[in-house]
Amino acid sequence: MSLQSNKIFNSHLRSRAIRGMVFYGICLVCVCIGIAALGTLLVQVVSDGWSWLTWHFLSDYPSRHPEEAGMMSAIFGTLWVMAMTGIFAVPVGIGSAMFLEEYAPKNKLMQIVEINLANLAGVPSIVYGLLGLAVFVYWMNIGRTALAGSLTLALLVLPVIILASREAVRAVPNAHREAAYALGADKWQVIRMVVFPGAFPGILTGSILALSRAIGEAAPVIAISALVYITFIPTSPMDRFTVMPIQIYNWVSRPQEEFQNLAAAGIIVLLVVLLSMNALAIFLRNKYQTKSDE
Amino acid sequence: MNNMTSPKSVLNTSQLSVYYGSFLALKNVDMAIQANEVTALIGPSGCGKSTLLRCFNRMNDLIPDAVVEGKVLFNGKDLYGSEINPTEIRSRIGMVFQKPNPFPKSIFDNVAFGLKVNGYTGKMDEAVEWALRQAALWDEVSDRLKKSALTLSGGQQQRLCIARAIAVQPEVILMDEPASALDPIATLAIEELIRELKQLYTIVIVTHNMQQAARVADKTAFLMVDDARGGYLVEYDATSKIFTNPSDSRTEAYITGRFS
Amino acid sequence: MKIRESFPERAENPISGTIVKYLFFLCVLISLLTTAGILYSLLSQAIGFFFEVPLIDFLTGTRWAPILKPQAYGVLPLVCGTLLVAAIAAVVALPVGLATAIFLSEYAPDKIRRILKPLLEILAGVPTVVYGYFALTFVTPQLQKLVPDMLVFNALSAGLVMGIMIIPMVSSLSEDAMLAVPRSLRYAAYALGSTRLEVSLKVVVPAALSGIIASFIIAVSRAIGETMLVTLAAGATPRMTFNVFDSIQTMTAYIVQLSLGEAPHGSLEYNTIFAVGLLLFVMTLIMNVIGHLVVRRWREVY
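The structure displayed is predicted, hence computed values, not measured ones.

K.L.:
Please set out the overall build of chain C residue by residue, giving values where relevant.
P.N.:
For chain C, the count of helices and strands is 12 helices and 2 strands. For chain C, the succession of helices and strands along the chain, N to C, is α-α-β-β-α-α-α-α-α-α-α-α-α-α. Relative to the globule expectation of 19 Å for 302 residues, the C-alpha radius of gyration of chain C, 25 Å, shows a markedly less compact shape. In terms of principal-axis extent, the alpha carbons of chain C reach across some 90 × 65 × 35 Å. By residue count, 56% of the 302 residues in chain C fall in the buried class. In chain C, the proportion of contacts linking residues at least 24 apart, taken out of those at least 6 apart, comes to 70%. Accessible surface for chain C amounts to roughly 13100 Å². Of this, 68% is attributable to carbon and sulfur atoms. Positive and negative side-chain charges in chain C, numbering 20 and 17 respectively, have mean positions lying 9 Å apart.

Set out below in structure tokens:
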């Protein structure tokens with residue numbers, strides 16, 4: 001065989017370069033589709049809802065008359081639910097992560113636990129709602145209360161918190177554990193004094209993100225609370241409740257344009273809360289990352 | 001060293017320097033690589049020998065903050081000239097890497113990859129067989145060409161990577177410590193192959209193994225590094241001269257093992 | 001200084017260590033109990049339903065009218081609506097998500113990546129009720145300009161927006177798979193004279209294929225289980241149709257529709273949502289398991 005000559009290779013360099021450029025353009029357009037949709041959504045929401053976003057909107061109860069309606073009960077419902085969800089889910093998530101990373105033996109049961117966690121993360125949220133309805137509302141007889149809603153959401157975000165906490169625990173260098181053991185610490189001391197403090201920022205970040213997911217969820221909460229007309233602030237976990245996404249759903253699903261604008265105002269409030277939580281999480285993550293790089 | 005620019009030299013560098021960001025990896029290298037010879041680049045780790053090798057097929061382009069200064073001439077043409085397409089250059093100057101890196105495809109598809117990419121118009125089967133025979137791998141794999149390349153041993157994988165590189169019939173083959181991840185027997189097979197291949201190709205090989213350089217190379221370049229200057233070329237001459245009668249005391253110190 | 005002497009006697013305290021260990025284990029048990037609880041609640045109520053409506057009628061019936069007389073309990077219209085919306089979403093999200101992933105892993109310089117990734121995370125973090133609002137008040141009116149006789153509630157608008165919603169899921173899982181492809185393979189391809197396009201499509205994508213397929217499966221499973229968006233935008237009309245301009249109802253939307261009205265506990269009506277929920281759970285479970293199996297196969301390659 002002869003060495004490379006134009007007869008046997010037809011490299012089409014020019015057309016390949018053009019194809020490459022076209023492909024690059026296609027990729028760029030695809031990236032823009034998602035971002036443009038996000039931008040359009042935000043513009044649409046703000047332009048519809050901005051003028052409705054007033055103090056009385058935040059401090060009044062829902063009403064049949066759009067100009068009088070506000071979302072105070074939903075805001076306080078969300079605060080109640082978020083706090084209780086955090087109280088239930090975060091400690092359990094941390095405990096699970098500690099067991100799985102620091103104690104778990106390698107056996108059949110732990111394999112089942114791993115598979116189970118992976119699958120729980122993929123269960124549709126409405127199915128959690130059905131679980132809460134059957135188990136918390138009726139079987140445990142808690143009723144359609146804020147407590148039942150929070151327990152349900154806690155189970156929903158638990159896999160997310162466990163995943164984030166495990167990553168944080170795994171990121172604690174083994175050298176730190178060994179150094180503590182070498183000073184005579186026992187296992188519980190190592191976990192308490194070395195592993196937990198080292199993993200804390202990561203756990204915090206993951207928990208905030210998980211809770212921000214919880215307060216955006218409407219489907220499982222609707223299954224628990226149904227669509228109630230609430231004109232009071234819950235004063236105990238055993239009160240009936242509504243949350244911001246349900247209030248928004250309620251307004252969007254009405255045909256009058258005024259209610260749709262109210263929904264947009266509600267969405268602004270919800271998104272501001274979510275974005276601040278995300279920003280807080282990103283801030284904590286960056287602070288933590290620069291620290292560990294030093 | 002400009003007088004080494006004879007008609008036979010394939011690659012010439014002049015005042016070649018490479019920066020990674022603000023880090024100076026290689027400084028002011030002048031050398032000429034002769035056709036149909038094996039040229040070895042030796043030196044302590046960090047001396048820039050792999051960086052130099054990667055200048056020859058513009059692989060440094062793929063590192064975001066790498067800056068190449070000075071000139072590299074390929075058959076007299078500026079390799080970094082604006083009219084040069086690095087893609088084309090890489091199909092004419094092949095490369096074999098430190099660790100065998102076959103694609104997770106079949107043995108056949110690995111060898112055929114470069115042929116397909118470069119629009120080969122002849123018979124694919126024949127070209128693949130030719131390359132595999134050249135790489136002394138045909139007899140071992142002819143009955144399982146459709147099997148995954150990952151089923152081969154490390155030495156076989158590396159010869160497959162050589163077959164993949166020569167399938168497109170480049171003029172030059174660059175080898176970056178091609179045997180460092182292999183056992184001694186596989187290493188001997190690769191060295192045997194390199195000596196065969198120089199009939200058809202110009203070969204530049206980076207090696208950390210001085211015996212290997214002595215066994216396979218016609219010419220040897222010794223590079224060094226110091227903190228102030230980055231990597232630089234100390235001495236470049238016929239291999240026999242470098243290993244028996246080096247003109248620079250630092251070369252002598254290195255080849256006699258006084259530092260590494 | 002006598003430091004050592006001032007240490008207290010250190011009693012071996014195996015009890016606190018053991019108690020802690022079992023407390024942690026209890027936490028792990030909760031996630032196992034969650035699965036058990038899901039199975040229990042779905043099965044126990046669904047069985048009550050299947051005593052009155054034979055399973056075979058449920059799975060093969062083509063009319064779903066549990067509230068209006070004459071009642072019919074064939075789930076296929078809900079399944080059909082669910083799959084129709086998920087298919088539209090897949091048509092949008094799979095190519096766009098994959099191209100986004102290729103852009104992020106093969107083309108984008110670090111600076112651009114650092115901007116794009118958080119934006120995509122925000123896209124993934126927007127609550128689905130917000131997407132429902134967007135579909136209903138923006139996308140549908142825009143589409144009606146093109147197709148004037150399109151209904152207000154329709155599969156197309158919900159499917160398109162759902163597609164946008166699951167782009168980040170496809171792109172981030174696919175990108176992870178592509179980033180796991182060793183750099184040396186890319187170098188090998190470049191060294192043979194490949195362009196960036198050829199490296200991306202002929203080396204990286206094939207090597208990451210099982211991870212990419214898994215991302216497709218998991219994203220579609222997410223689309224099937226998605227609730228508020230379809231409840232708001234796709235309608236409440238169970239219908240066997242593949243007409244994307246029609247109003248339909250998905251399984252999840254039916255569950256919400258019934259939940260809104262507080263169906264009396266123990267009634268046949270109440271039990272229908274568990275029967276539908278069970279089917280939904282099984283469908284998404286199968287897809288997720290397949291997705292994870294595919295990923296595991298991919299991990300063994302390197």
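K.L.:
Tell me what's going on with the overall build of chain B, and back it up with residues and numbers.
P.N.:
The helix and strand inventory of chain B stands at 10 helices and 10 strands. Computed over the C-alpha atoms, the radius of gyration of chain B is 18 Å, within 12% of the 18 Å expected from 2.2 N^0.38 for a compact globule of 260 residues. Across its three principal directions, the C-alpha atoms of chain B cover 55 × 45 × 35 Å. Relative to its full complement of 260 residues, chain B shows a buried share of 57%. For chain B, the computed accessible surface area is about 10600 Å², with 49% contributed by carbon and sulfur atoms.

K.L.:
I'd like to hear about the interface of chain B and chain C, residue by residue, with values.
P.N.:
Opposite the 24 residues of chain B that make contact, chain C presents 19 residues. Both sides together, the interface formed by chain B and chain C hides about 1700 Å², and carbon and sulfur atoms give 71% of it. When the buried area of chain B at its contact with chain C is split by residue, Leu62(B), Phe113(B) and Val117(B) rank highest and sum to 27% of it. Where chain B packs against chain C, one counts 0 salt bridges. In this assembly, chain B and chain C are joined by 3 residue pairs in polar contact (both at pLDDT 80 or more). When the residues that make up the side of chain B that touches chain C are grouped by side-chain class, the tally is 13 nonpolar, 7 polar and 4 charged.

K.L.:
So, unusual backbone geometry: which residues are in play, and what are the values?
P.N.:
Even without being a glycine, Asn141(A) presents a positive backbone phi close to 60°. The topology assignment puts Asn141(A) in the loop between helix H5 (125-139) and helix H6 (146-170). On the basis of relative accessible area, Asn141(A) is assigned to the exposed category, the value being 62%. Of note, Arg58(B) is a non-glycine position whose phi angle comes to about 60°, a positive value. For Arg58(B), the location among the structural elements is in the loop between helix H1 (49-56) and strand S4 (66-74). When its relative accessible area of 11% is taken as the criterion, Arg58(B) is described as buried.

K.L.:
Would you mind going over the nonpolar core in detail, with residue names and values included?
P.N.:
Generally speaking, nonpolar side chains in soluble globular proteins are found buried as a group. Of all hydrophobic cores here, the largest spans 234 residues; its most connected members are Leu11(B), Met31(B), Leu41(B), Leu52(B), Ile38(C), Phe58(C) and Val276(C). In terms of residue count, helix H3 (residues 76-107) of chain C provides more of this core than any other element does, 18 residues in total. Summarising the domain contributions, this core has at least three residues from each of domain 1 (13-52) and domain 2 (55-293) of chain A. Ignoring any residue separated from it by four or fewer positions in sequence, one finds Leu52(B) in contact with Leu16(B), Leu26(B), Val29(B), Met31(B), Leu41(B) and Leu223(B). Counting residues in hydrophobic clusters, the runner-up holds 53 residues, among them Val111(B), Tyr120(B), Ala131(B) and Ile205(B).

K.L.:
Give a detailed account of the packing of H3(C) against helix H9 (residues 209-225) of chain C, specifying residues and quantitative values.
P.N.:
Residue and element names in this part refer to chain C. Between H3 and H9, whose axes approach to 9 Å, the crossing angle comes to 145°. The chirality of how H3 crosses H9 is right-handed. Contacts between H3 and H9 involve Thr 82, Leu 83, Ala 86, Ala 89, Ala 90, Leu 94 and Leu 98 from the former and Ile 212, Phe 216, Val 220, Ala 223 and Ile 224 from the latter. Class assignment for the residues of the contact of H3 with H9 results in 11 nonpolar, 1 polar and no charged.

K.L.:
Lay out helix H3 (residues 107-117) of chain B in plain terms, naming residues and giving numbers.
P.N.:
The element H3(B) is largely enclosed, with a buried count of 9 among its 11 residues. Of all the residues in H3(B), the buried ones are Ile107(B), Phe108(B), Asn110(B), Val111(B), Ala112(B), Phe113(B), Gly114(B), Leu115(B) and Val117(B).

K.L.:
An account of the pattern of salt bridges is needed here, citing residue identities and associated values.
P.N.:
In this structure the tally under the stated criterion is 22 salt bridges over all chains. Two residues, Glu140(B) and Arg159(B), come together in a salt bridge whose shortest N-O distance is 2.8 Å. Here Arg159(B) lies in helix H6 (residues 154-167) and Glu140(B) lies in helix H5 (residues 138-141), a separation of 19 residues in the sequence. Judged by its relative accessible area of 32%, Glu140(B) falls in the partly exposed class. Through salt bridges with shared partners, a single network forms among Glu101(A), Glu114(A), Arg166(A) and Arg170(A).

K.L.:
Could you give an account of helix H7 (residues 183-191) of chain C, naming the residues involved and the relevant values?
P.N.:
Residue and element names in this part refer to chain C. When you tally the buried positions in H7, you get 7 out of 9 residues, the bulk of the element. Looking only at H7, the buried set comprises Leu 185, Arg 186, Tyr 187, Ala 188, Ala 189, Tyr 190 and Ala 191. Phi turns positive, to about 90°, at Gly 193, one or two residues after H7.

K.L.:
Quick one: what's the story with the layout of surface pockets, residue by residue and with numbers?
P.N.:
Rolled over the atoms, a probe with the dimensions of a water molecule shows which regions are left empty. Considering only enclosed or pocket space, the second largest pocket measures out at about 670 Å³ in volume. Taken together, the residues that form the lining of the second largest pocket break down as 11 nonpolar, 1 polar and 7 charged.

K.L.:
So, empty space enclosed by the protein: which residues are in play, and what are the values?
P.N.:
Enumeration according to the criterion identifies 9 cavities of 30 Å³ or more in this entry. Computed from the structure, the largest cavity encloses a volume of approximately 80 Å³. In terms of lining residues, the largest cavity is bounded by Leu38(A), Leu42(A), Leu271(A), Leu274(A), Leu275(A), Asn278(A), Glu121(C), Ile122(C), Gly125(C) and Val126(C). Listed by contribution, the elements that provide at least two residues to the lining of the largest cavity are helix H1 (13-49) and helix H11 (257-293) of chain A together with helix H4 (110-125) of chain C. When residues in the lining of the largest cavity are grouped by element, the largest group, 4 residues, is from H11(A). For the lining of the largest cavity, the class distribution of residues is 7 nonpolar, 2 polar and 1 charged.

K.L.:
Go over the interface of chain A and chain C with me, naming the residues and quoting the values.
P.N.:
Facing 82 residues of chain A, the contacting portion of chain C comprises 73 residues. For the pairing of chain A and chain C, the buried interface totals around 6600 Å² over both sides, and the portion due to carbon and sulfur atoms is 78%. Together, Phe23(A), Leu130(A) and Tyr249(A) form the three largest contributors to the area buried by chain A at its contact with chain C, with a combined 9%. One can count 1 salt bridge joining chain A with chain C. In this structure, Glu198(C) engages Arg16(A) in a salt bridge whose closest nitrogen and oxygen atoms are separated by 2.7 Å. Scanning the region where chain A abuts chain C turns up 7 residue pairs in polar contact (both at pLDDT 80 or more).

K.L.:
So, a negative patch on the surface: which residues are in play, and what are the values?
P.N.:
Where like charges cluster on the molecular surface, the negative patch consists of Glu67(A), Glu68(A), Glu257(A) and Glu258(A). Topologically, Glu67(A) is positioned in the loop between helix H2 (55-59) and helix H3 (72-103).

K.L.:
Requested: an account of the side chain of Gln45(C), with residues and values cited.
P.N.:
Within the fold, Gln45(C) resides in helix H1 (residues 14-52). You can call Gln45(C) buried: its relative accessible area is 13%. Sequence-distant contacts of Gln45(C), defined by excluding residues within four places in its chain, comprise Ala134(A), His265(C), Tyr270(C), Asn271(C) and Phe274(C).

K.L.:
Go over the packing of aromatic side chains with me, naming the residues and quoting the values.
P.N.:
According to the stated counting rule, one finds 23 aromatic pairs over all chains in the structure shown. Between Trp188(A) and Phe24(C), the aromatic rings sit 6.4 Å apart at their centres with planes inclined by 65°, giving edge-to-face as the arrangement. Here the residue Trp188(A) occupies a position in helix H8 (residues 187-216), and Phe24(C) occupies one in helix H1, the pair thus bridging two chains. Trp188(A) sits in the partly exposed class, given a relative accessible area of 25%. Each residue in the set Phe49(C), Phe50(C), Phe58(C), Trp64(C), Tyr73(C) and Tyr254(C) is aromatic and connected to the rest through ring pairs, giving one cluster.

Reading guide: rules and limits
Residues numbered from 1 in each chain as written. Chains lettered and ligands numbered in written order. Predicted model: local features only at pLDDT ≥ 70, side-chain atom pairs only at ≥ 80, totals over all residues. Heavy atoms only, no water. Helix = DSSP H or I, 4+ residues; strand = E, 2+ residues; numbered from the N terminus. Rg over C-alpha atoms; globule rule 2.2 N^0.38 Å. Buried < 20%, exposed > 50% of the residue type's maximum accessible area, 1.4 Å probe, protein only. Contact = heavy atoms within 4.5 Å. Areas by Shrake-Rupley, 256 points an atom, 1.4 Å probe, with all protein chains shown as cover. Lys, Arg positive; Asp, Glu negative; His and termini not counted. Charge placed at Lys NZ, Arg CZ, Asp CG, Glu CD. Buried area = accessible area lost by both parts, 1.4 Å probe. Salt bridge = Lys/Arg side-chain N within 4 Å of Asp/Glu carboxyl O. Polar contact = N/O pair within 3.5 Å; in protein donor to acceptor, adjacent residues only side chain to side chain. Nonpolar A, V, L, I, M, F, W, Y, C, P; charged D, E, K, R; others polar. Core = buried A, V, L, I, M, F, W, Y, C linked by side-chain atoms within 4.5 Å. Domains from an automatic or database assignment. Axes fitted to C-alpha atoms, helices over the stretch in contact; angles between N-to-C directions. Left-handed = near helix turned anticlockwise from the far one by under 90°. 1 Å grid on protein atoms, 1.4 Å probe; cavity = no way out; pocket = protein on both sides within 12 Å on 5 of 7 lines; lining within 4 Å. Points joined across faces, edges and corners; volume = space filled by probe spheres on them. Patch = residues over 30% accessible without salt bridge, like charges linked within 9 Å, V, L, I, M, F, W, Y side chains within 5 Å. Phe/Tyr/Trp six-rings, centres within 6.5 Å; stacked < 30°, edge-to-face > 60°.

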